[in-house]
Amino acid sequence: MTPSSDLPVWHLAGAGNMGTLAAFYLRDAGFPVVGRRPSPTRKTLTFEDRRAPRTLDLPAAPAGPIRHLVVACKTPYSAAALAELPLAPDVTVLRLQNGLGSLDGLLPAGADLIEVVTTSAVKGRHPTHHLVAENQTWMGRARGGPAPAWFDTLAAHWPGLEWAAPIRERQWRKLVANAVINPLTGLYDVPNGRLLEDPDLTARAAWLADEADALLGALDPAWSGGSRQQVAAVARATAGNTSSMRADMQRGAATEIEAINGWLLRQAERLGLDLPAHREIVAAVRDHTATAP
Ligand code: KPL
């Protein structure tokens, strides 16, 4: 499809695995997509099935205010990625990140923040990214509300994309899966499925899941709980995977613990609740990161 000049131009902050996948779908939908690097970048997407590898050129961003932005960097780099970006006062932001609250205080008051939750998986490193699983993706605002005008065009080119109004339940489900699987697999340096096989890890996972349910139930009495089972289902479906936090810890990179379990702890503190399992695991991950070679 040929881009037309009245289509939104999407700026990409964070051209890692998920950001690159989003850029391909946006381009397929006919939207111009530009990178944040000073020079043009070429990306390659490869597939599990027999589809031929595809390429995408991300031109450098034009000058002028940014009205449409995808934020897909790892959460610890959000502030750096957004610093000095010329955001329009009413910028639309697609947040494609783990955890919650990573853009709090970083966007203009009039920004339209659209949260993205996906069960698709992409692996690899710039400039080649490999689409491992193309599953479901939901977009929506925390407060609910209708889809923007461009959404249907994008959904026609983004397999499994749906609008969720509101999206909070999906976010909380994903958050709990990440809050249990990611730090445990990172600290013990095991694939996700090990949580179902090792009795000690299964017990620790249950403790983390139960605490998350207690907190989320206190935040919203309509929360249906059941996180032990939900987390086990995700661990089963991704049994052979290296979680993103395990991968970060293996290469000594900053982890997303503050946006995942840290978010749960901040909510608990507001409500005067203690979450000892999450408190301990956050401390352990911080220690690990601080002492990494
Ligand atoms: O989202 C994930 C992650 O690794 O960040 C899970 C669901 C745990 C799959 O690995």
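Just above, that's the structure.
Residues numbered from 1 in each chain as written. Predicted model: local features only at pLDDT ≥ 70, side-chain atom pairs only at ≥ 80, totals over all residues. Heavy atoms only, no water.

1. Some thoughts on helix α1 (residues 17-28)
Stated formally: Helix and strand assignments follow DSSP, with helices taken as H or I runs no shorter than four residues and strands as E runs no shorter than two, numbered in order from the N terminus. Here the expected length of a helix is defined as 1.5 Å per residue gap, with one fewer gap than residues. Categorising residues by exposure relies on relative accessible area from a 1.4 Å probe, with only protein chains included: less than 20% of the type maximum marks a residue as buried, more than 50% marks it as exposed, and the intermediate range marks it as partly exposed.
Given a rise of 1.5 Å per residue, 12 residues ought to cover 16 Å, and the 17 Å separating the end C-alpha atoms of α1 matches this to within 8%. Taken across its 12 residues, α1 has 9 buried, putting it largely inside the fold. Those residues of α1 not exposed but buried are Met18, Gly19, Thr20, Leu21, Ala22, Ala23, Phe24, Tyr25 and Leu26. Directly after α1, the chain includes Gly30, whose backbone phi takes a positive value near 95 degrees.

2. Considering the site of the ligand
The cut-off we apply is this: The cutoff for a nearby residue is simple: one of its non-hydrogen atoms must lie within 4 Å of the molecule or strand. Identification of polar contacts relies on pairs of N or O atoms within 3.5 Å, with a donor-acceptor requirement for protein atoms, meaning one able to donate a hydrogen and the other able to accept it, and with residues adjacent in sequence counted only if both atoms are side-chain atoms. Reported accessibility uses the Shrake-Rupley method at a 1.4 Å probe radius. Residues are deemed covered only where the shown protein chains occlude them.
As a matter of local geometry, the ligand sits amid Asn98, Lys174, Asn178, Ile181, Asn182, Asn192, Val234, Ser243 and Ser244. Contacts to the ligand include Asn98, whose side-chain N or O atom sits 3.3 Å from an oxygen atom. Isolated, the ligand exposes 280 Å² of accessible area, and the fraction of that covered by the protein chains is 83%. With 4 residues, helix α4 (residues 168-188) is the largest single contributor of residues to the shell around the ligand.

3. Quick word on the sheet that holds strand β3 (residues 41-47)
Rule in force here: What makes two strands pair is DSSP finding at least two bridges between them. Geometry is summarised by axes, namely lines fitted to C-alpha atoms with helices restricted to the contacting stretch, and by angles between N-to-C directions that run from 0 to 180 degrees. Residue contacts are counted whenever heavy atoms from the two residues lie within 4.5 Å of one another.
Taken together, 4 strands build an open sheet; the order of strands is β4-β3-β9-β8 and the sheet is mixed. Pairing within the sheet leaves two strands with one partner each, and these edge strands are β4 (54-58) and β8 (121-125). Averaged over all pairs of adjacent strands, the angle between strand axes in this sheet comes to 25 degrees, irrespective of strand direction. Two strands pair when backbone bridges link them, and β3 and β4 are joined in this way by 5 bridges, in the antiparallel orientation. Note on β4: the bridge partner recorded for Thr41 is Leu58. Its contacts with the sheet put α1 on β3, β4, β8 and β9 (128-133), and the angle it makes with β4 is roughly 90 degrees.

4. Considerations on the pattern of salt bridges
Put simply, the rule reads: What makes a salt bridge here is a side-chain nitrogen of Lys or Arg within 4 Å of a carboxyl oxygen of Asp or Glu, nothing more.
Here the structure, examined in full by the defined rule, presents 17 salt bridges. Residues Asp28 and Arg27 are paired through a salt bridge, measuring 3.7 Å at the closest nitrogen-oxygen approach. Exposure remark for Arg27: the relative accessible area of 28% places this residue in the partly exposed category. The salt bridge partner of Arg168 is Asp220, with a shortest N-O separation of 2.4 Å. Placement of the pair is Arg168 in helix α4 and Asp220 in the loop between α6 (199-219) and α7 (227-237), with a sequence separation of 52 residues. On the accessibility criterion, Arg168 (32% relative accessible area) is partly exposed. Here the residues in one salt-bridge network are Arg27, Asp28 and Arg54, joined through shared partners.

5. Some remarks on the packing of aromatic side chains
Condition: Stacked, tilted and edge-to-face are the three classes assigned to paired rings of Phe, Tyr and Trp, where Trp is represented by its six-membered ring and a pair needs centres within 6.5 Å; plane angles under 30 degrees give stacked, over 60 edge-to-face, the rest tilted. A ring is considered to have a charge above it if a Lys NZ or an Arg CZ atom is located within 6 Å of its centre and within 35 degrees of its normal.
Under the counting rule described, the total for this entry stands at 5 aromatic pairs. Seen from their ring centres, Trp10 and Trp150 are 5.0 Å apart, and the 85 degrees between their planes marks the pair as edge-to-face. You can see Trp10 sitting in strand β1 (residues 10-13) and its partner Trp150 sitting in the loop between β10 (137-140) and α3 (151-155), a full 140 residues away along the chain. By the burial criterion, Trp10 is buried, and Trp150 matches it. A ring pair is formed by Tyr25 and Trp158, whose centres lie 4.7 Å apart and whose planes are at 35 degrees; its orientation type is tilted. Taken together, the residues Tyr25 in helix α1 and Trp158 in the loop between α3 and β11 (161-163) connect sequence positions 133 residues apart. Both residues of the pair, Tyr25 and Trp158, belong to the buried class. An aromatic cluster of three or more residues is present, and its members are Trp10, Trp150, Phe151 and Trp163. Its guanidinium or amino end placed over the ring of Trp172, Arg168 lies 4.2 Å from that ring's centre, counting from NZ or CZ.

6. Some words on the nonpolar core
Stated formally: Side-chain atoms within 4.5 Å are what join buried Ala, Val, Leu, Ile, Met, Phe, Trp, Tyr and Cys residues into a set we call a nonpolar core.
Within the largest apolar cluster, 32 residues are counted, with the highest numbers of intra-cluster contacts made by Val180, Leu184, Leu216, Trp263 and Leu264. Looking at this core, the elements with two or more residues in it are α4, α6, α7, α8 (244-250), α9 (261-271) and α10 (276-291).

7. Looking at the pairing of β3
In terms of burial, β3 is a largely internal element, 6 of the 7 residues being buried. Here β3 hands over to β4 after 6 residues, the two strands then running antiparallel side by side. By the bridge criterion, 4 bridges tie β3 to β9 in an arrangement that is parallel. The partner of Phe47 across the bridge, within β9, is Leu131.

8. A look at the sheet that holds strand β2 (residues 33-34)
Taking strand neighbours across the sheet as the criterion, the 7 strands line up as β2-β1-β5-β6-β7-β10-β11 in an open arrangement whose pairing is mixed. Of all strands in the sheet, those bounded by a partner on one side alone are β2 and β11. As paired strands, β1 and strand β5 (residues 66-71) are joined by 3 bridges and run parallel to one another. Opposite Ala13, over in β5, you have Val71 as the bridge partner. This element, α4, spans β6 (87-95), β7 (112-118) and β10 of the sheet and lies at about 50 degrees to β7.

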